[in-house]
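Letter by letter, the chains look like this.
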Amino acid sequence: MSDARLAIGAARDAGAAKHAPVMLEDATILLRSAEQNIERRAYAAARRDAKLAKSMATDARVAAESASNKQPRATEQPLKE
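Only a predicted model underlies this, so the values are computations on that prediction, with no experimental measurement involved.

Averaged over the protein, the pLDDT score is 90; the fraction of residues at 70 or greater is 86%. Of all helices and strands in the protein, the one with the weakest mean pLDDT is helix α4 (residues 43-70) (95), whereas helix α3 (residues 21-39) scores best (97).

Note that A63 resides in helix α4. Classification of A63 by relative accessible area gives partly exposed; the value is 25%. For the pair A63 and A20, spaced 43 residues apart in the sequence, the C-alpha separation amounts to 6.4 Å. In contact with A63, other than residues within four places in its own chain, are A20 and M23.

Orientation of α3 relative to α4, taken along the N-to-C sense of each, is 160°, at an axis distance of 8 Å. Judged on the interaxial angle alone, α4 and α3 are roughly antiparallel. Viewed along their axes, α3 and α4 form a crossing whose handedness is left-handed. In this structure, α3 uses M23, L24, D26, A27, L30, L31, S33, A34, N37 and I38 to contact α4, whose residues at the interface are Y43, A45, A46, D49, A50, L52, A53, M56, A57, D59, A60 and A63.

On to the nonpolar core. Within the largest apolar cluster, 15 residues are counted, with the highest numbers of intra-cluster contacts made by I8 and A16. For this core, the elements supplying multiple residues, two or more each, are α1 (2-13), α3 and α4. Filtering out sequence-adjacent residues up to four positions away, I8 remains in contact with L24, A27, T28, L31 and A57.

Checked against the element boundaries, A4 lands in helix α1. Judged by relative accessible area, which is 1%, A4 ranks as buried. Sequence-wise, A4 and L30 are 26 residues apart; in three dimensions their C-alpha atoms are separated by 9.2 Å.

Interaxial distance between α1 and α3 falls to 10 Å at its minimum, and their mutual angle equals 160°. Taken together, the axes of α1 and α3 are roughly antiparallel relative to one another. Handedness of the α1/α3 crossing: left-handed. Taking contact as the criterion, the partners of A4, R5, I8, A11 and R12 in α1 are, on α3, L24, A27, T28, L31 and E35. When the residues that make up the contact of α1 with α3 are grouped by side-chain class, the tally is 6 nonpolar, 1 polar and 3 charged.

Basis of the calculations
- Residues numbered from 1 in each chain as written.
- Predicted model: local features only at pLDDT ≥ 70, side-chain atom pairs only at ≥ 80, totals over all residues.
- Heavy atoms only, no water.
- pLDDT = per-residue confidence, 0-100.
- Helix = DSSP H or I, 4+ residues; strand = E, 2+ residues; numbered from the N terminus.
- Buried < 20%, exposed > 50% of the residue type's maximum accessible area, 1.4 Å probe, protein only.
- Contact = heavy atoms within 4.5 Å.
- Axes fitted to C-alpha atoms, helices over the stretch in contact; angles between N-to-C directions.
- Parallel < 35°, antiparallel > 145°, perpendicular 65-115°, else oblique.
- Left-handed = near helix turned anticlockwise from the far one by under 90°.
- Core = buried A, V, L, I, M, F, W, Y, C linked by side-chain atoms within 4.5 Å.
- Nonpolar A, V, L, I, M, F, W, Y, C, P; charged D, E, K, R; others polar.

In structure tokens form, the structure reads like this:
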């Protein structure tokens, strides 16, 4: 589950809350589900949800990085012809 937590943190740091909010929320929900499954001693389900959370968070991070790379930075000037 720590991998999933780290992946969610990386996604947040990359701007997923702005650029991929649904994927980030889904990853967070899956992580909560994994934690609840641990409490219930449903270890296989916890592992499944944690892996899915990590994957979803990674996708959110990639989407956020891609979206932020497409936006011009404040220091960039438009090209003049």
